[in-house]
Amino acid sequence: MPHNILTVTMNPAVDVFTTTAQVRPTHKLRCAPAQTHPGGGGINVARVLHRLGADVLALCATGGVTGQALCAMLAQEQVAHHALAVAGPTRESFTVHETSTGQDWRFVLPGPPLASAEWQAALDWVAAQRAAPRWLVASGSLPPGVPDDFYARLARLARACGAHMVLDSSGPALAAALAEGVYLVKPSLRELRELTGQPLADERQWLAAARGLIAAGQAKVVALSLGEQGALLVSATEALRAPALAVPVASTIGAGDSFLAGLVWALDRHGDLAQALRWGMAAGAAALLGEGTALSQPHDVQRLFAQASVNPL
Ligand SMILES: Nc1ncnc2c1ncn2[C@@H]1O[C@H](COP(=O)(O)OP(=O)(O)OP(=O)(O)O)[C@@H](O)[C@H]1O
Ligand SMILES: [Mg+2]
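These numbers come from a predicted model, not from an experiment.

## Things to note about the pairing of strand β6 (residues 91–98)
On a regular strand, each side chain points to the face opposite its neighbour's, so the side chains alternate between the two faces of the sheet. Across the eight residues of β6, six count as buried, placing the element largely inside the fold. Pairing analysis gives eight bridges linking strand β2 (residues 13–20) to β6, with the strands arranged parallel. Of the residues in β6, the one forming a bridge with V14 is E92. Sheet topology places β6 next to strand β7 (residues 103–108); six bridges connect them, and they run antiparallel. Paired with F94 across the bridge in β7 is F107. Between β6 and β7, which pair antiparallel and follow one another directly, the connecting turn spans four residues, one of which, G102, has a positive phi of 80°.

## Looking at the sheet that holds strand β10 (residues 182–185)
Across the sheet, ten strands lie side by side as β5-β4-β1-β8-β9-β10-β11-β12-β13-β14; this open sheet has mixed pairing. Looking at strand neighbours, the two that pair on one side only are β5 (81–85) and β14 (311–312), the edges of this open sheet. As paired elements, strand β8 (residues 135–139) and strand β9 (residues 164–168) share five bridges and run parallel to each other. Opposite W135, over in β9, you have H164 as the bridge partner. Taken strand by strand, helix α8 (residues 255–269) contacts β1 (5–9), β8, β9, β10, β11 (219–225) and β12 (231–234), and its axis lies near 170° from that of β8. Along the sheet face, helix α9 (residues 273–289) touches β11, β12 and β13 (239–242) and points at about 25° away from the line of β13.

## Quick notes on the sheet that holds β7
Note on sheets: strands pair through backbone hydrogen bonds, and any given pair is parallel or antiparallel. Reading across from one edge, β3-β2-β6-β7 is the order of the four strands in this open sheet, with mixed pairing throughout. Bordering the open sheet on either side are β3 (35–39) and β7, each of which pairs with just one other strand. Across the sheet, the mean angle from the axis of one strand to that of its neighbour is 25°, orientation sign disregarded. In the packing of helix α2 (residues 64–76) onto the sheet, contacts are made with β2, β3 and β6, and the angle to β3 comes to roughly 90°.

## Points about the site of ligand 1
Surveying the vicinity of ligand 1 reveals 16 residues, the closest of which are S188, R190, S225, G227 and G230. A distance of 3.0 Å separates an oxygen atom of ligand 1 from a polar side-chain atom of R190. For ligand 1, an oxygen atom lies 2.8 Å from a polar atom in the backbone of G227. Computed on the free molecule, ligand 1 has an accessible area of 620 Å², of which 78% lies beneath the protein chains in the complex. At the level of elements, α6 (189–196), α8 and α9 are the ones that each hand at least two residues to the shell around ligand 1.

## Describing helix α1 (residues 41–51)
The buried fraction of α1 amounts to nine of the eleven residues, a majority that puts the element mostly inside the structure. Considered for burial, the residues of α1 that qualify are G41, G42, I43, N44, V45, A46, R47, V48 and L49. Phi for G53, located one or two positions after α1, is positive at around 95°.

## Re unusual backbone geometry
With the exception of glycine, the majority of residues adopt a negative phi angle, and the majority of peptide bonds are in the trans configuration. Even without a glycine there, the phi angle at T26 is positive, about 70°. Here T26 shows up in the loop between β2 and β3. Positive phi, close to 60°, is recorded for Q78, a residue that is not glycine. Relative to the helices and strands, Q78 is located in the loop between α2 and β5.

Procedures and definitions
Residues numbered from 1 in each chain as written. Chains lettered and ligands numbered in written order. Predicted model: local features only at pLDDT ≥ 70, side-chain atom pairs only at ≥ 80, totals over all residues. Heavy atoms only, no water. Buried < 20%, exposed > 50% of the residue type's maximum accessible area, 1.4 Å probe, protein only. Helix = DSSP H or I, 4+ residues; strand = E, 2+ residues; numbered from the N terminus. Pairing = 2+ DSSP bridges. Contact = heavy atoms within 4.5 Å. Axes fitted to C-alpha atoms, helices over the stretch in contact; angles between N-to-C directions. Near = heavy atom within 4 Å. Polar contact = N/O pair within 3.5 Å; in protein donor to acceptor, adjacent residues only side chain to side chain. Areas by Shrake-Rupley, 256 points an atom, 1.4 Å probe, with all protein chains shown as cover.

Here it is as C-alpha coordinates:
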(Lines give C-alpha, C1' and ligand atoms only; values in the text may rest on other atoms or scores of the structure.)
(Ligands and ions follow the chains in the order given, each with its own letter.)
Protein backbone atom coordinates (compact mmCIF):
# COMPACT_ATOMS: atom_id res chain seq x y z
CA MET A 1 0.00 0.00 0.00
CA PRO A 2 1.48 3.42 -0.90
CA HIS A 3 2.13 5.92 1.87
CA ASN A 4 2.47 9.70 1.62
CA ILE A 5 5.58 9.76 3.73
CA LEU A 6 8.40 7.21 3.95
CA THR A 7 11.07 7.56 6.64
CA VAL A 8 14.37 5.69 6.37
CA THR A 9 16.38 4.65 9.44
CA MET A 10 19.50 2.59 8.80
CA ASN A 11 20.72 2.82 12.40
CA PRO A 12 17.66 2.50 14.63
CA ALA A 13 17.93 1.95 18.37
CA VAL A 14 15.98 0.70 21.31
CA ASP A 15 16.08 3.77 23.55
CA VAL A 16 16.38 2.87 27.23
CA PHE A 17 15.72 5.69 29.68
CA THR A 18 16.05 5.81 33.44
CA THR A 19 16.83 8.22 36.27
CA THR A 20 19.33 8.16 39.12
CA ALA A 21 20.25 10.63 41.86
CA GLN A 22 23.83 11.25 40.75
CA VAL A 23 26.11 9.81 38.06
CA ARG A 24 29.55 9.02 39.55
CA PRO A 25 32.26 6.43 38.93
CA THR A 26 32.67 3.02 40.58
CA HIS A 27 29.50 3.14 42.69
CA LYS A 28 26.50 1.12 41.73
CA LEU A 29 24.04 3.71 40.48
CA ARG A 30 20.61 2.61 41.61
CA CYS A 31 18.17 3.55 38.87
CA ALA A 32 14.42 3.91 38.49
CA PRO A 33 12.60 1.28 36.38
CA ALA A 34 13.61 1.61 32.71
CA GLN A 35 11.33 3.08 30.04
CA THR A 36 11.97 1.83 26.53
CA HIS A 37 11.02 3.43 23.22
CA PRO A 38 11.72 2.62 19.59
CA GLY A 39 14.27 5.20 18.39
CA GLY A 40 16.71 6.46 15.79
CA GLY A 41 16.10 9.60 13.69
CA GLY A 42 13.64 8.31 11.07
CA ILE A 43 11.79 6.14 13.59
CA ASN A 44 11.27 9.16 15.85
CA VAL A 45 10.04 11.27 12.93
CA ALA A 46 7.62 8.49 11.90
CA ARG A 47 6.28 8.09 15.45
CA VAL A 48 5.46 11.80 15.74
CA LEU A 49 4.01 11.91 12.20
CA HIS A 50 1.78 8.95 13.05
CA ARG A 51 0.57 10.64 16.24
CA LEU A 52 -0.30 13.72 14.16
CA GLY A 53 -2.40 11.53 11.88
CA ALA A 54 -0.06 11.36 8.88
CA ASP A 55 0.06 8.45 6.45
CA VAL A 56 3.62 7.32 7.16
CA LEU A 57 5.70 4.17 6.79
CA ALA A 58 9.01 3.66 8.62
CA LEU A 59 11.62 1.66 6.73
CA CYS A 60 14.34 0.41 9.03
CA ALA A 61 17.19 -2.10 9.17
CA THR A 62 16.81 -4.31 12.24
CA GLY A 63 18.46 -7.42 13.66
CA GLY A 64 18.60 -9.68 16.69
CA VAL A 65 16.28 -9.68 19.68
CA THR A 66 16.64 -5.91 20.07
CA GLY A 67 15.47 -5.55 16.48
CA GLN A 68 12.46 -7.74 17.23
CA ALA A 69 11.70 -5.67 20.33
CA LEU A 70 11.91 -2.48 18.27
CA CYS A 71 9.41 -3.84 15.72
CA ALA A 72 7.07 -5.00 18.49
CA MET A 73 7.12 -1.52 20.04
CA LEU A 74 6.37 0.09 16.68
CA ALA A 75 3.48 -2.35 16.17
CA GLN A 76 2.15 -1.53 19.62
CA GLU A 77 2.09 2.16 18.66
CA GLN A 78 0.51 1.17 15.33
CA VAL A 79 3.32 2.82 13.39
CA ALA A 80 3.42 1.16 9.97
CA HIS A 81 6.91 -0.13 9.29
CA HIS A 82 8.93 -2.36 7.03
CA ALA A 83 11.92 -3.98 8.72
CA LEU A 84 14.79 -5.18 6.55
CA ALA A 85 16.53 -8.00 8.39
CA VAL A 86 20.25 -7.52 9.04
CA ALA A 87 22.63 -9.97 10.73
CA GLY A 88 23.88 -7.75 13.56
CA PRO A 89 21.69 -6.93 16.56
CA THR A 90 20.02 -3.50 16.65
CA ARG A 91 21.77 -1.22 19.13
CA GLU A 92 20.45 0.16 22.36
CA SER A 93 20.87 3.78 23.42
CA PHE A 94 21.00 4.48 27.12
CA THR A 95 19.94 7.79 28.65
CA VAL A 96 20.24 8.51 32.36
CA HIS A 97 18.52 11.55 33.82
CA GLU A 98 20.42 12.76 36.86
CA THR A 99 17.78 14.07 39.26
CA SER A 100 20.25 16.09 41.42
CA THR A 101 21.28 18.29 38.47
CA GLY A 102 18.49 17.84 35.91
CA GLN A 103 21.10 16.77 33.33
CA ASP A 104 20.74 13.92 30.83
CA TRP A 105 23.65 11.52 30.30
CA ARG A 106 23.37 9.99 26.83
CA PHE A 107 25.29 6.82 25.97
CA VAL A 108 25.13 6.17 22.23
CA LEU A 109 26.41 2.89 20.78
CA PRO A 110 27.59 2.62 17.15
CA GLY A 111 25.09 0.09 15.81
CA PRO A 112 25.96 -3.18 14.07
CA PRO A 113 28.09 -3.06 10.91
CA LEU A 114 25.98 -3.65 7.77
CA ALA A 115 27.20 -5.76 4.86
CA SER A 116 26.92 -4.20 1.40
CA ALA A 117 24.01 -6.51 0.51
CA GLU A 118 22.18 -5.27 3.63
CA TRP A 119 22.34 -1.54 2.89
CA GLN A 120 21.84 -2.16 -0.82
CA ALA A 121 18.60 -4.00 0.07
CA ALA A 122 17.23 -0.77 1.53
CA LEU A 123 17.95 1.15 -1.69
CA ASP A 124 16.47 -1.68 -3.77
CA TRP A 125 13.34 -1.73 -1.61
CA VAL A 126 12.82 2.02 -2.14
CA ALA A 127 13.49 1.72 -5.87
CA ALA A 128 11.01 -1.17 -6.19
CA GLN A 129 8.03 0.75 -4.76
CA ARG A 130 5.42 1.09 -7.48
CA ALA A 131 3.83 4.20 -6.02
CA ALA A 132 6.42 6.73 -4.86
CA PRO A 133 5.86 8.48 -1.52
CA ARG A 134 5.41 12.24 -1.72
CA TRP A 135 8.05 12.65 1.01
CA LEU A 136 11.14 10.59 1.69
CA VAL A 137 12.62 11.47 5.08
CA ALA A 138 16.18 10.24 5.69
CA SER A 139 17.24 10.88 9.25
CA GLY A 140 19.94 9.83 11.65
CA SER A 141 23.45 8.46 11.60
CA LEU A 142 24.64 5.64 9.35
CA PRO A 143 25.97 2.48 11.01
CA PRO A 144 29.47 1.14 10.24
CA GLY A 145 29.75 -0.40 6.79
CA VAL A 146 27.21 1.90 5.17
CA PRO A 147 29.01 4.22 2.72
CA ASP A 148 29.02 7.98 3.25
CA ASP A 149 27.13 8.41 -0.02
CA PHE A 150 24.15 6.29 1.12
CA TYR A 151 21.87 9.31 1.57
CA ALA A 152 23.19 10.71 -1.73
CA ARG A 153 22.08 7.49 -3.44
CA LEU A 154 18.69 7.82 -1.73
CA ALA A 155 18.46 11.43 -2.94
CA ARG A 156 19.06 10.22 -6.50
CA LEU A 157 16.28 7.64 -6.13
CA ALA A 158 13.94 10.26 -4.67
CA ARG A 159 14.57 12.57 -7.60
CA ALA A 160 14.01 9.75 -10.09
CA CYS A 161 10.62 8.87 -8.60
CA GLY A 162 9.48 12.44 -7.91
CA ALA A 163 9.57 12.23 -4.08
CA HIS A 164 10.62 15.24 -1.97
CA MET A 165 13.75 14.18 -0.12
CA VAL A 166 14.06 15.52 3.43
CA LEU A 167 17.42 15.07 5.14
CA ASP A 168 18.54 15.29 8.76
CA SER A 169 22.04 13.97 9.22
CA SER A 170 25.56 15.14 9.91
CA GLY A 171 29.17 14.89 8.81
CA PRO A 172 30.21 13.27 5.51
CA ALA A 173 26.79 11.63 4.88
CA LEU A 174 25.13 15.05 5.06
CA ALA A 175 27.76 16.66 2.81
CA ALA A 176 27.53 13.91 0.17
CA ALA A 177 23.71 14.04 0.03
CA LEU A 178 23.78 17.83 -0.34
CA ALA A 179 26.24 17.50 -3.20
CA GLU A 180 23.59 15.34 -4.87
CA GLY A 181 20.80 17.78 -3.93
CA VAL A 182 17.73 17.36 -1.70
CA TYR A 183 14.40 19.12 -1.32
CA LEU A 184 14.72 20.06 2.36
CA VAL A 185 17.62 19.82 4.77
CA LYS A 186 17.39 20.32 8.54
CA PRO A 187 20.78 21.01 10.00
CA SER A 188 21.18 22.18 13.58
CA LEU A 189 23.50 25.18 13.94
CA ARG A 190 26.28 22.81 15.04
CA GLU A 191 25.80 20.70 11.90
CA LEU A 192 25.70 23.72 9.58
CA ARG A 193 28.90 25.10 11.14
CA GLU A 194 30.61 21.76 10.62
CA LEU A 195 29.34 21.55 7.03
CA THR A 196 30.38 25.07 6.01
CA GLY A 197 33.47 25.35 8.19
CA GLN A 198 32.30 28.87 9.09
CA PRO A 199 31.69 30.33 12.57
CA LEU A 200 28.11 31.42 11.69
CA ALA A 201 28.01 33.87 14.58
CA ASP A 202 24.78 35.75 13.91
CA GLU A 203 21.47 35.75 12.06
CA ARG A 204 22.95 37.45 9.01
CA GLN A 205 25.55 34.69 8.63
CA TRP A 206 22.95 31.96 9.28
CA LEU A 207 20.82 33.33 6.48
CA ALA A 208 23.79 33.69 4.13
CA ALA A 209 24.82 30.07 4.76
CA ALA A 210 21.29 28.80 4.11
CA ARG A 211 21.05 30.93 0.96
CA GLY A 212 24.44 29.54 -0.12
CA LEU A 213 23.14 25.96 0.01
CA ILE A 214 20.09 26.94 -2.03
CA ALA A 215 22.11 28.91 -4.59
CA ALA A 216 24.43 25.92 -5.04
CA GLY A 217 21.44 23.67 -5.78
CA GLN A 218 22.08 21.59 -2.64
CA ALA A 219 18.59 22.12 -1.20
CA LYS A 220 15.39 23.94 -2.15
CA VAL A 221 14.50 24.60 1.49
CA VAL A 222 16.78 24.91 4.51
CA ALA A 223 15.31 24.50 8.00
CA LEU A 224 18.05 25.62 10.37
CA SER A 225 17.23 24.68 13.94
CA LEU A 226 18.83 26.85 16.61
CA GLY A 227 17.92 25.09 19.86
CA GLU A 228 16.76 27.63 22.44
CA GLN A 229 17.12 30.37 19.80
CA GLY A 230 14.34 28.89 17.64
CA ALA A 231 14.67 28.22 13.94
CA LEU A 232 15.07 29.70 10.47
CA LEU A 233 13.26 28.48 7.35
CA VAL A 234 14.71 29.64 4.04
CA SER A 235 13.77 29.02 0.40
CA ALA A 236 14.78 30.78 -2.81
CA THR A 237 12.00 33.33 -2.31
CA GLU A 238 11.33 33.39 1.45
CA ALA A 239 13.27 33.74 4.69
CA LEU A 240 11.39 33.20 7.95
CA ARG A 241 12.50 33.34 11.57
CA ALA A 242 10.70 31.78 14.51
CA PRO A 243 11.65 32.39 18.14
CA ALA A 244 11.68 29.36 20.44
CA LEU A 245 8.53 28.82 22.47
CA ALA A 246 8.92 29.35 26.20
CA VAL A 247 8.08 26.00 27.74
CA PRO A 248 9.43 24.15 30.77
CA VAL A 249 12.26 21.96 29.48
CA ALA A 250 12.21 18.43 30.89
CA SER A 251 14.55 17.10 28.18
CA THR A 252 15.73 18.31 24.77
CA ILE A 253 16.12 14.73 23.45
CA GLY A 254 14.12 14.23 20.26
CA ALA A 255 13.38 17.95 19.80
CA GLY A 256 14.97 18.03 16.35
CA ASP A 257 13.12 14.89 15.20
CA SER A 258 9.80 16.25 16.50
CA PHE A 259 10.47 19.63 14.86
CA LEU A 260 11.10 17.89 11.55
CA ALA A 261 7.95 15.76 11.88
CA GLY A 262 5.80 18.87 12.50
CA LEU A 263 7.38 20.61 9.53
CA VAL A 264 6.89 17.70 7.09
CA TRP A 265 3.36 17.03 8.34
CA ALA A 266 2.36 20.63 7.66
CA LEU A 267 4.16 20.83 4.30
CA ASP A 268 2.32 17.70 3.19
CA ARG A 269 -1.01 19.25 4.20
CA HIS A 270 -0.67 22.91 3.22
CA GLY A 271 2.60 23.45 1.42
CA ASP A 272 2.83 26.88 3.09
CA LEU A 273 6.28 27.56 4.58
CA ALA A 274 5.19 29.98 7.31
CA GLN A 275 2.50 27.63 8.63
CA ALA A 276 4.87 24.69 8.39
CA LEU A 277 7.49 26.51 10.47
CA ARG A 278 4.87 27.23 13.14
CA TRP A 279 3.94 23.53 13.26
CA GLY A 280 7.61 22.62 13.44
CA MET A 281 8.18 24.98 16.36
CA ALA A 282 5.11 23.63 18.15
CA ALA A 283 6.19 20.02 17.70
CA GLY A 284 9.80 20.78 18.71
CA ALA A 285 8.65 22.59 21.85
CA ALA A 286 6.16 19.84 22.71
CA ALA A 287 9.05 17.34 22.75
CA LEU A 288 10.73 19.36 25.51
CA LEU A 289 7.83 18.79 27.91
CA GLY A 290 8.36 15.05 28.27
CA GLU A 291 11.31 13.55 30.10
CA GLY A 292 13.96 11.46 28.33
CA THR A 293 13.17 9.95 24.96
CA ALA A 294 9.43 10.66 25.09
CA LEU A 295 8.51 12.61 21.94
CA SER A 296 5.86 15.26 21.40
CA GLN A 297 2.20 14.53 22.02
CA PRO A 298 -0.41 15.84 19.55
CA HIS A 299 -2.51 17.73 22.12
CA ASP A 300 0.62 19.68 23.18
CA VAL A 301 1.51 20.34 19.53
CA GLN A 302 -1.99 21.71 18.84
CA ARG A 303 -1.91 23.90 21.95
CA LEU A 304 1.59 25.26 21.29
CA PHE A 305 0.82 25.95 17.61
CA ALA A 306 -1.44 28.81 18.76
CA GLN A 307 1.57 30.36 20.56
CA ALA A 308 4.06 29.93 17.72
CA SER A 309 4.97 33.06 15.78
CA VAL A 310 6.91 33.51 12.55
CA ASN A 311 8.47 36.69 11.18
CA PRO A 312 9.94 37.48 7.77
CA LEU A 313 13.65 38.19 7.91
N1 LIG B 1 16.32 24.49 25.07
C2 LIG B 1 15.35 24.73 24.18
N3 LIG B 1 14.42 25.68 24.42
C4 LIG B 1 13.43 25.92 23.54
N5 LIG B 1 13.27 25.26 22.36
C6 LIG B 1 14.17 24.31 22.06
C7 LIG B 1 15.25 23.98 22.94
N8 LIG B 1 15.95 22.97 22.38
C9 LIG B 1 15.33 22.67 21.22
N10 LIG B 1 14.26 23.47 21.02
C11 LIG B 1 13.33 23.42 19.87
O12 LIG B 1 13.56 22.24 19.11
C13 LIG B 1 14.09 22.57 17.80
C14 LIG B 1 15.19 21.59 17.43
O15 LIG B 1 16.23 21.65 18.38
P16 LIG B 1 17.79 21.74 17.98
O17 LIG B 1 18.01 22.95 17.16
O18 LIG B 1 18.57 21.61 19.24
O19 LIG B 1 17.97 20.50 16.99
P20 LIG B 1 18.49 19.02 17.23
O21 LIG B 1 18.34 18.34 15.93
O22 LIG B 1 17.76 18.44 18.41
O23 LIG B 1 20.02 19.26 17.58
P24 LIG B 1 21.28 18.27 17.35
O25 LIG B 1 20.94 17.31 16.25
O26 LIG B 1 22.44 19.20 17.02
O27 LIG B 1 21.43 17.60 18.69
C28 LIG B 1 14.54 24.02 17.91
O29 LIG B 1 14.42 24.67 16.66
C30 LIG B 1 13.58 24.59 18.94
O31 LIG B 1 12.36 24.91 18.29
MG1 LIG C 1 19.37 16.69 15.17
